[in-house]
Amino acid sequence: MTPPDGHPPGDPSDRSTGAPLRDPSDRGTPSGAPGPPRPDPSGDPGEVVVGAADAGRRLDEVAAEAAGVSRARAARWAGEGLVLVDGRARPKSHRLLGGERLAWTPPPPPSGGGGPAAEDLPVEVRYEDDRLLVVAKPAGLVVHPGPGHPTGTLVNALLGRAGTVLSAGGEAGRPGIVHRLDKDTSGLLLVAKDDAAHLALSRDLAAHQVERRYLALVQGRLPSATGTVDRPVGRHPRDRKRMAVVAKGGRAAVTHWRVLETFPAVQLVEATLETGRTHQVRVHLAAVHHPLVGDRTYGADPSLAARLGVDRPFLHAWRLAFRHPTDGHTVELTEPLPPDLEGVLDRLGASERGPRMTKTTGSPRRSGRS
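Residues numbered from 1 in each chain as written. Predicted model: local features only at pLDDT ≥ 70, side-chain atom pairs only at ≥ 80, totals over all residues. Heavy atoms only, no water.

Peer 1: Let's hear about the overall build of the chain: which residues, and what values?
Peer 2: Each helix and strand counted, the chain has seven helices and 15 strands in total. Taking the contacts inside the chain whose residues are at least 6 apart along the sequence as the reference set, 65% of them involve residues at least 24 apart. Working note: accessible area of the chain is about 17100 Å², and carbon and sulfur atoms make up 52% of it. (Helix = DSSP H or I, 4+ residues; strand = E, 2+ residues; numbered from the N terminus. Contact = heavy atoms within 4.5 Å. Areas by Shrake-Rupley, 256 points an atom, 1.4 Å probe, with all protein chains shown as cover.)

Okay, here's the thing in structure tokens:
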């Protein structure tokens, strides 16, 4: 993609190749490795000429790379008529041909009070640098403001944290949030501080290059020690507050499971995501007739949960691994089960020995940070 003055961005070696745009955090680095942060251009209008190598790509994808913002943000701009192709507004899904003049004009920043409020709330940070942070979200905390939860969320807490700046990328009202956890799910969650980092992490997430593993306690016994659920997830056809495995209109969703320990009536499993759909682990395990203990929304037995002392879906995001957007090194973090879930396993008489408890093999329990 080339600016209208004929001088393409990035390395001079790109000048007549028509090479597709790269992630803004990758400019000028060898072999596509993420590069150092650069100033955020997202507040300025811009214009480029679409290169031949970008022919067939979606408008929001190319506009995001050109403007250095997240794809979700570019899609919003397109929906508001702020992204023009040869002088005409086009939808976010418009396929480019190559050679068009692509221009964008970001909306003005919202007036005071338009975004989430900063609040003085506790935040447990497990990793932090100048580009991102990873928090340990407790059960019961909503990630971002929304209907019924205008305040008191993780985003409000992050905005109120001294010295913390969040990316503006992603969806409206969700600054910094790269991926989400359900209100009643505990564990590790990744947050971006600048738009270039947000874009790089979001693209890695979409490319299945961010490792997210969960611990779950399921009812009954799964049919094998390991397995995969590969079934699309979408809104429930009758109850719009729930998700479901659907035949039409769903999004591709893949969950892998591994049984860690078996008890009477329940099993402790590790669930690894390839995709990140809303309620994915909960929906997929319920779809194979093994709902999470305590998950009444998806058919769990309330009497079993009461006997075990479980008052929320037993689900915890215990491991997170990702490429750092600055230099590509791998960041790996683990978070032990919180006391409420650890207590359930203790009452079940969970084993204190074996690979599950060994840090060097990637123990899901009591393993701490790595």
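Peer 1: Can you tell me about the sheet that holds strand E2 (residues 83-85), naming the residues and giving the values?
Peer 2: Pairing is antiparallel in the open sheet, where four strands are placed in the order E1-E4-E2-E3. Two strands close off the open sheet at either side, each with one partner strand: strand E1 (46-49) and strand E3 (88-89). Pairing geometry for E1 and strand E4 (residues 101-104), over four bridges, is antiparallel. Looking at E4, one finds that Val48 is bridged to Leu102. Along the sheet, helix H1 (residues 59-67) makes contact with E1, E2 and E4, crossing E4 at roughly 70°. (Pairing = 2+ DSSP bridges. Axes fitted to C-alpha atoms, helices over the stretch in contact; angles between N-to-C directions.)

Peer 1: How would you summarise helix H2 (residues 71-79) if you had to cite specific residues and measurements?
Peer 2: For an α-helix the count is 3.6 residues per turn, leaving residues at separations of three or four pointing the same way. Taken together, the buried positions of H2 are Arg73, Ala74, Ala75, Trp77 and Ala78. Looking at the packing, one finds that the buried side of H2 touches H1, E2, E4 and helix H4 (195-206). Gly81 sits one or two positions beyond H2 and adopts a positive phi of about 75°. (Buried < 20%, exposed > 50% of the residue type's maximum accessible area, 1.4 Å probe, protein only.)

Peer 1: Any chance you could break down the packing of H1 against H2 for me, citing the residues and the numbers?
Peer 2: Where H1 meets H2, the closest approach of the two axes is 8 Å, and the angle between their N-to-C directions is 115°. If you check the angle between H1 and H2, you find them roughly perpendicular. Handedness of the crossing formed by H1 with H2: right-handed. Together, Leu59, Asp60, Glu61, Ala63, Ala64 and Ala67 of H1 and Arg71, Ala74, Ala75, Trp77 and Ala78 of H2 make up the contact between the two elements. (Parallel < 35°, antiparallel > 145°, perpendicular 65-115°, else oblique. Left-handed = near helix turned anticlockwise from the far one by under 90°.)

Peer 1: Can you explain unusual backbone geometry? Please cite residues and give values.
Peer 2: Look at His208: it is not a glycine, yet its phi comes out positive at around 60°. Residue position: His208 is located in the loop between H4 and strand E8 (211-219). Phi is positive for Ala265, close to 80°, though the residue is something other than glycine. Counting through the fold element by element, Ala265 comes out in the loop between strand E12 (254-263) and strand E13 (266-273).

Peer 1: Could you give me a rundown of helix H5 (residues 280-287), with the residues and numbers involved?
Peer 2: Of all the eight residues making up H5, six are buried; the element is thus mostly covered by neighbouring parts of the structure. All buried positions along H5 are accounted for by Gln280, Val281, Arg282, Val283, His284 and Leu285. His289 occupies a position one or two residues after H5 and carries a positive phi of about 70°.

Peer 1: Before we move on, could you go through the nonpolar core and cite the residues and values that matter?
Peer 2: Looking at soluble globular proteins, one finds that nonpolar side chains tend to be buried together. Core analysis: the biggest nonpolar cluster contains 29 residues, and Leu158, Leu189 and Tyr214 have the highest contact counts within it. Secondary structure elements with two or more residues in this core: strand E6 (132-137), helix H3 (154-159), strand E7 (186-192), E8, E12, E13, H5 and strand E14 (315-323). The biggest single contributor to this core is H3, with four residues. Those residues in contact with Leu189 that lie beyond four places of it in its chain are Leu133, Val134, Val135, Val143, Leu154, Ile177, His179, Arg180 and Leu181. (Core = buried A, V, L, I, M, F, W, Y, C linked by side-chain atoms within 4.5 Å.)

Peer 1: With reference to specific residues and values, describe the pairing of strand E15 (residues 330-334).
Peer 2: Inspection of the sheet shows E14 paired to E15 by five bridges, in the antiparallel sense. If you follow Arg323 over to E15, its bridge partner there is Thr330. Hairpin connection of E14 to E15: six residues between the antiparallel strands, including Gly328 at a positive phi of 85°.

Peer 1: Could you give an account of the pattern of salt bridges, naming the residues involved and the relevant values?
Peer 2: All told, the structure shown has 22 salt bridges when counted by the stated rule. For the salt bridge of Asp194 with Arg131, the shortest nitrogen-to-oxygen distance reads 2.9 Å. Of this pair, Asp194 sits in the loop between E7 and H4 while Arg131 sits in the loop between strand E5 (125-128) and E6, and the two are 63 residues apart along the sequence. Residue class for Arg131 comes out buried when judged on its relative accessible area of 1%. Between Arg282 and Asp182 there is a salt bridge, with the nearest N and O atoms lying 3.1 Å from each other. (Salt bridge = Lys/Arg side-chain N within 4 Å of Asp/Glu carboxyl O.)

Peer 1: Any details on the side chain of Arg282? Residues and values, ideally.
Peer 2: One can find Arg282 in helix H5. Overall, the relative accessible area of 9% leaves Arg282 in the buried class. Here the side chain of Arg282 touches Asp295 through a polar contact of 2.8 Å, side chain to side chain. (Polar contact = N/O pair within 3.5 Å; in protein donor to acceptor, adjacent residues only side chain to side chain.)

Peer 1: Residues and numbers for the pairing of E13, please.
Peer 2: In terms of burial, E13 is largely enclosed, as seven of its eight residues are buried. By the bridge criterion, seven bridges tie E8 to E13 in an arrangement that is antiparallel. Opposite Leu215, over in E13, you have Glu270 as the bridge partner. Across eight bridges, the pairing between E12 and E13 is antiparallel. Counterpart to Thr262 in the pairing with E13 is Gln267.

Peer 1: An account of the confidence of the model for the chain is needed here, citing residue identities and associated values.
Peer 2: Chain-level statistics for the chain give a pLDDT mean of 83 and a share of 81% at 70 or above. Every residue in residues 3-42 scores below 50 in pLDDT, and together they form 86 contacts with partners more than four places removed in sequence or on other chains. Across residues 353-363, where pLDDT falls below 50, the model places 20 contacts with residues more than four positions away in sequence or in other chains. (pLDDT = per-residue confidence, 0-100.)

Peer 1: Residue-level account of the environment of Asp130, with values.
Peer 2: Locating Asp130 in the fold gives a position in the loop between E5 and E6. Using a relative accessible area of 61% as the deciding quantity, one classes Asp130 as exposed. Taking the C-alpha atoms as reference points, Asp130 and Val165, separated by 35 residues in sequence, lie 9.1 Å from one another.

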